[in-house]
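Secondary and tertiary structure notes
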Amino acid sequence: MTGTKVGVRQTELPMLRAYRLWFEHARKCAHCKRVRTARDGCLDGQELWASYRRAYDGGGAE
């Protein structure tokens, strides 16, 4: 075995995917960068955070 992972695709847990999407948004969004909590962010940021919370609670990311 050569140690390369060609063609291997790992699935991402819904909770981690939802958090990653929110985190990437929050890093780039000028409004979300300025607030202390996710609920004070822009509407898109709030929706992404709500998706994360649903996934965290076991309700799915969508």
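The following paragraphs examine the structure supplied in this document. (Residues numbered from 1 in each chain as written. Predicted model: local features only at pLDDT ≥ 70, side-chain atom pairs only at ≥ 80, totals over all residues. Heavy atoms only, no water.)

1. With respect to the packing of helix H1 (residues 14-28) against helix H3 (residues 43-56)
For clarity, the threshold we go by: The axes used here are C-alpha line fits, helices contributing only the stretch in contact, and every angle between their N-to-C directions lies in the interval 0 to 180 degrees. Only DSSP runs of H or I with at least four residues qualify as helices, and only runs of E with at least two residues qualify as strands; both kinds are numbered from the N terminus onward. Should an angle fall under 35 degrees it is taken as roughly parallel, and over 145 as roughly antiparallel, whereas 65 to 115 is taken as roughly perpendicular and any remaining angle as oblique. Crossings are sorted by hand: turned counterclockwise from the far helix by less than a right angle, the near helix makes the crossing left-handed, and turned clockwise it makes it right-handed. Should any heavy atoms of two residues lie within 4.5 Å, those residues are considered in contact.
At a minimum axis separation of 8 Å, H1 and H3 run at an interaxial angle of 160°. Of the possible angle classes, the one that applies to H1 and H3 is roughly antiparallel. Helix-helix and strand crossings are classified by hand; for H1 and H3 the assignment is left-handed. Each of Pro14, Met15, Ala18, Tyr19, Leu21, Trp22 and His25 in H1 lies in contact with H3, whose residues at this interface are Asp44, Gly45, Leu48, Trp49, Ser51, Tyr52, Ala55 and Tyr56.

2. What to know about the environment of cysteine 32
Note the following rule: Type-normalised accessible area, obtained with a 1.4 Å probe on protein chains alone, sets the label of each residue: buried when under 20%, exposed when over 50%, and partly exposed for intermediate values.
Within the secondary structure, cysteine 32 is located in helix H2 (residues 30-34). Residue cysteine 32 is classed as buried on the basis of its relative accessible area, which comes to 10%. When the C-alpha atoms of cysteine 32 and leucine 43 are compared, they prove to be 9.6 Å apart, with eleven residues separating the residues in sequence. If we skip the residues at most four places from it in the chain, cysteine 32 touches His25, Ala26, Gly41, Cys42 and Gly45.

3. Brief notes about the pattern of salt bridges
Just so we agree on the cut-off: When a carboxyl oxygen of Asp or Glu lies within 4 Å of a side-chain nitrogen of Lys or Arg, that pair is called a salt bridge.
Evaluation of the coordinates by the stated rule reveals two salt bridges. A salt bridge links glutamate 12 to arginine 20; its shortest N-O distance comes to 2.9 Å. A residue is classified by how much of its surface remains accessible, and glutamate 12, at 38% relative accessible area, is partly exposed. You can call arginine 20 partly exposed: its relative accessible area is 32%. With a shortest N-O distance of 3.4 Å, glutamate 24 and arginine 20 are connected by a salt bridge. Of this pair, glutamate 24 and arginine 20 both sit in helix H1, four residues apart, which is roughly one turn of the helix. One continuous salt-bridge network, built from bridges that share partners, spans Glu12, Arg20 and Glu24.

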